[in-house]
Amino acid sequence: AVYRNAAGTAVAWVAVIAQYPSGQTCPSAVTGGPPTATPTPQARFGVQLQIAPDGWALVTLPAGNIAQVLARAYGCYAVVYELRGDTWRRYSPDVPSYARNLTDSDGGAFWILGTAKDCGTISL
């Protein structure tokens, strides 16, 4: 399967391999969009975020669920990376949740890639 975001700029390929007993029929295909919706901003974190359009920025994000922390910046960034130990973790709102391994922030440093949209300063 393949998933493309609305702008057509992000693609996620998914291959699912399943084994069934010979006497059992295969399940039918499941269609639809991504499994999660854009999070609704709940809390204010009291942080200002500046993301350069089409560029990388090294930022510090407040502690919390990464989707909620960045909810007010939706559309202004494409992907966020954090190095934890020797493993890079990533979050992107444009890929299904199973393709993300960054779910929370402990208040550390993150690399964030801005989209072409110039959002200015964002109050998180």
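Keep in mind it's a predicted model, so treat the numbers as computed, not measured. (Residues numbered from 1 in each chain as written. Predicted model: local features only at pLDDT ≥ 70, side-chain atom pairs only at ≥ 80, totals over all residues. Heavy atoms only, no water.)

> Is there a simple way to explain the pattern of salt bridges in this structure?
Pairing is possible between side chains of opposite charge, provided their charged atoms come close. One pass over the full model with this rule turns up two salt bridges. For the salt bridge of Asp 104 with Arg 84, the shortest nitrogen-to-oxygen distance reads 2.9 Å. Here the residue Asp 104 occupies a position in strand E8 (residues 104-105), and Arg 84 occupies one in strand E6 (residues 77-84), the gap between them amounting to 20 residues. Note on Asp 104: relative accessible area 34%, which makes it partly exposed. (Salt bridge = Lys/Arg side-chain N within 4 Å of Asp/Glu carboxyl O. Helix = DSSP H or I, 4+ residues; strand = E, 2+ residues; numbered from the N terminus. Buried < 20%, exposed > 50% of the residue type's maximum accessible area, 1.4 Å probe, protein only.)

> Teacher, can you tell me more about the sheet that holds strand E9 (residues 109-114) here?
In a beta sheet, neighbouring strands pair by backbone hydrogen bonds and run either parallel or antiparallel. Taken in spatial order, the four strands make up an open sheet running E4-E9-E6-E7, and their pairing is antiparallel. Pairing within the sheet leaves two strands with one partner each, and these edge strands are strand E4 (56-60) and strand E7 (87-91). The mean inter-strand angle of the sheet, taken between neighbouring strand axes irrespective of direction, is 30°. Here E4 runs beside E9; their pairing, made up of five bridges, is antiparallel. Considered in E9, the bridge of Thr 60 is made with Ala 109. (Pairing = 2+ DSSP bridges. Axes fitted to C-alpha atoms, helices over the stretch in contact; angles between N-to-C directions.)

Just geometry here; none of it tells us what the structure is for.
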